[in-house]
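Notes for the structure review
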Amino acid sequence: MDHALRVIEFDRVLAAIGERAVSEPGRAAVRALRPLPDATLAGRALAAVDELRELLESGDGWVLDPIAPLDGALRRLAIEDAPLEAPQLRACGQVMAVARAARRLEPRLDPDGLPAEQVRRLWGEVAFEKLISRTFDATGAVADAASPELRRIRRALGTRRGRLVDELTRYARSLPERVRVPDASVTVRNGRYCIPVRREGKGVAGGLVHDASASRQTLFVEPSRAIEAMNEIRELELREAREVERILRDLSSALRARAPELAASYAALVELDALRARALFASEMDATPPAFVEAVSEGIHIRGARHPLLALDAGGAVPFDLDLSAGERVLLVSGPNAGGKTVLLKTLGLLSALSQSGVVPPLGAGSRIPFFRRFFAVIGDEQSIDASLSTFGAQARNLAEILHEAGDRDIILFDEIGSATDPAEGGALASASLGRLAGQARLTVATTHLGDLKRLGDEKAAAVNASLEFDGTRLEPTYRLVRDRPGRSYALVIAARLGVPEDVLAAARDRLGPEHVSLDTLVARLEAERDEVEDLRAELERRAGETVERERELAVRETALVDSERAAARQREAERQAALREARERVEAAISRLESEFAAGDEAGRREAKRAARGEVERALRASSRALRSLGQPASPSEEATVRAGDAVRWNASDRPARLVEVREDRGVIEVGALRLTVPLRDLTPHSARAARSSGPSGARESGGSTARRPELRVATEVDLRGLRVEEVDGALNPAVDAAVVGDLPWLRIIHGKGTGALRKRVGQLLVGDPRIRRFRAGESNEGGTGVTVVEFE
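The structure reproduced in this document is the subject of the present report. (Residues numbered from 1 in each chain as written. Predicted model: local features only at pLDDT ≥ 70, side-chain atom pairs only at ≥ 80, totals over all residues. Heavy atoms only, no water.)

Okay, the nonpolar core next. Grouped together as the largest cluster of nonpolar side chains are 103 residues, with contacts concentrated most on I8, L255, L269 and I302. With 14 residues, helix α12 (residues 259-285) is the single largest residue contributor to this core. Among all residues touching L255, those that are not within four sequence positions of it are L77, L84, L89, C92, M96, F128 and L262. L332, F376, A406 and L437 belong to the second-largest nonpolar core, a separate cluster that totals 22 residues. (Core = buried A, V, L, I, M, F, W, Y, C linked by side-chain atoms within 4.5 Å. Buried < 20%, exposed > 50% of the residue type's maximum accessible area, 1.4 Å probe, protein only. Helix = DSSP H or I, 4+ residues; strand = E, 2+ residues; numbered from the N terminus. Contact = heavy atoms within 4.5 Å.)

In structure tokens form, the structure reads like this:
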């Protein structure tokens, strides 16, 4: 398997993905990935990467701080009493701080997922972090505050050094000018404080010479009077070193007790860093984890596949789709040189190897690929002078190994199978080998230029021909994968483009056998027909798109027209009702005045009151009729309920009960209290038919001036809108509401389901402002909850 992973450039891809890690240990963890042993583990790893990808793409994101390498520190902690060095201790503190920060990620993770499992392994104690932080200063050295003893020693050192420097400065200035070095100052050589003097003044200065300048003309001398003070400073420096060593040893001992937690935490951080790098790669690629197919009875479905390295490149990669049924075990890819066959071969291997290693490869949604047990690949020239292997010999050796070892859960990738030898014999060997592998391996993908192999897809049901498209006009590859069609090599065409003389090309064409010419002609004709079909399909899709757009525009216009008509009808009905209310109020007022004057006045007053009331009623009727005529003609008499003389009736201009005394053609004489009036029969309804008139949109349609028959309304207590599109809701809901009002129902149950809430929102928009509706609400738990809206009518 390692050989196959190497030739498909698996490690190179991992290295590119690992660059997204924040630490070198994380990058190393990505580079160390290998295919996992079973689909469950690989699926869990892919789910972990996808979970972190969603987290990174969320508004809050996730930033992981750099992780210091701890491998050396952990090895030293495993040695009893071995103190850590200052940089190692600081690295431990930094890792604890990063782990503590990363633990805050846990509430945002799936508790059963791999990221949450790693986060729970993280360890860090604030007390330890503070202790390490207090021990070291910004330069990484042990700080004075690390212990009281260290502070005292360093204060004494500072005092002694200052005094010694002052004393040596004064001594240097006291020396004769011939001995002094201009602008010289006290310096340190080999850990001792010295003054610079000229070589000839060595005897004058006295003391020990510790160094000399490059020209040998200046000596650095420790005067005799400074030796004792310097010895005291040296003793303090030794005490300082012993105290620093004690501090580091004590801190190391305390940390050694928690070494297992630190090691586990460090490993979890490295794994999280590697997972995060893979999640960033998946996000960049807009990749979707594939589903693994383990049963041999299932087919292969690849969507939007790209080579990872080409996808990362600025130029990008051409994606391809591939579908193979369960019985199709061999994919034979042909086409011109530099057309992308080898890239396709490597891509198919990388997609599976990366997926099985827990890396989401550049794949689209809906991809289903097998979980392979082993990978075999023969790509490139593996000839070896040392092993006395030619190019074909190396191919044959690899082929023999594959035929002996490959099983029904393995993938074989073979580039230019049957090449590097006699084409007839090489083609025969390749054809026989692929026939064997069709029943032996899970999937075999081979590339070829051999004409005999191109017929294999027609001869064996398990073999499928495919090609990478080549633009014969521009002589450029398009890198589009075309199934069920072998590809032309275009060798002579490409040779002509690259400058091979035409007479040589003509001779070459003459030497081609009729069988080769026939196959090449057939493939060319298939390509031309396919291009023509593609053009026709593109034209049909364009026209279909235009048709859909026109239908959408018409639907929008129709909806707007219906809404406009409905709004106009509602407005007319509102104005009609207002005119009737005004007339009713005037009639009621006239009748009330008449009754009060009848009760209090004499006969003459009663007659005058009757006359005045009749006049007021007639004026109200005329005003009401004019208003109603301006709004449109009322419904025809045949549509109204029949009334007869002697019936108790209701006059639409008054809420008072009345009696029809006499019928005079299209008018009737009614008695309302003490008042007798002549009114149009169309304004009268039987007293029991109170519910026959609706004041909602249905009524608006009745009085809107149309002579068409009223629509037949089906009265029901509920209407089901599930399965409708939003734009279809109006046409189903409005008739149901109208029917419920006409049927004098107290309530209506509207079933729209929960889903995305779009239907429920449109229902609310239609119900708001309808004067016939007293209120509407979401259903109770026993009524269907938020998937139902209950309407209560006035």
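Now that the structure is up, let's keep going.
Buried residues dominate strand β8 (residues 330-334), accounting for 5 of its 5 residues. By the alternation rule, side chains of β8 split into V330, L332 and S334 and L331 and V333, which are all buried. By the bridge criterion, 5 bridges tie β8 to strand β12 (residues 443-448) in an arrangement that is parallel. The partner of L331 across the bridge, within β12, is V445. (Pairing = 2+ DSSP bridges.)

By secondary structure assignment, the location of K341 is in helix α14 (residues 341-356). It turns out K341 is buried and unbridged, and the closest side chain with the opposite charge, E416, is 4.2 Å from it. Residues contacting K341, with those up to four places away along its chain left out, are V333, S334, G335, P336, E416, T447, T448, H449 and L468. (Lys, Arg positive; Asp, Glu negative; His and termini not counted. Salt bridge = Lys/Arg side-chain N within 4 Å of Asp/Glu carboxyl O.)

Spatial ordering of the open sheet is given by β20-β21-β23-β22, a layout of 4 strands whose pairing is mixed. Looking at which strands have only one partner, the edges of the open sheet turn out to be β20 (718-720) and β22 (773-778). Mean inter-strand twist for the sheet, computed between neighbouring axes without regard to direction, equals 15 degrees. Pairing of β20 with strand β21 (residues 747-751) involves 3 bridges; the strand directions are parallel. When the sheet's bridge partners are listed, V719 is paired in β21 with I750. (Axes fitted to C-alpha atoms, helices over the stretch in contact; angles between N-to-C directions.)

As a further point, take the packing of helix α2 (residues 10-18) against helix α3 (residues 24-31). Contact geometry of α2 with α3 gives a least axis separation of 8 Å together with a crossing angle of 150 degrees. Judged by the inter-axis angle, α2 sits roughly antiparallel to α3. The crossing of α2 and α3 is right-handed. Taken together, the residues of α3 that come into contact with α2 (itself represented by D11, L14, A15, I17 and G18) are R27, V30 and R31. Tallied by class, the residues present in the contact of α2 with α3 amount to 4 nonpolar, 1 polar and 3 charged. (Parallel < 35°, antiparallel > 145°, perpendicular 65-115°, else oblique. Left-handed = near helix turned anticlockwise from the far one by under 90°. Nonpolar A, V, L, I, M, F, W, Y, C, P; charged D, E, K, R; others polar.)

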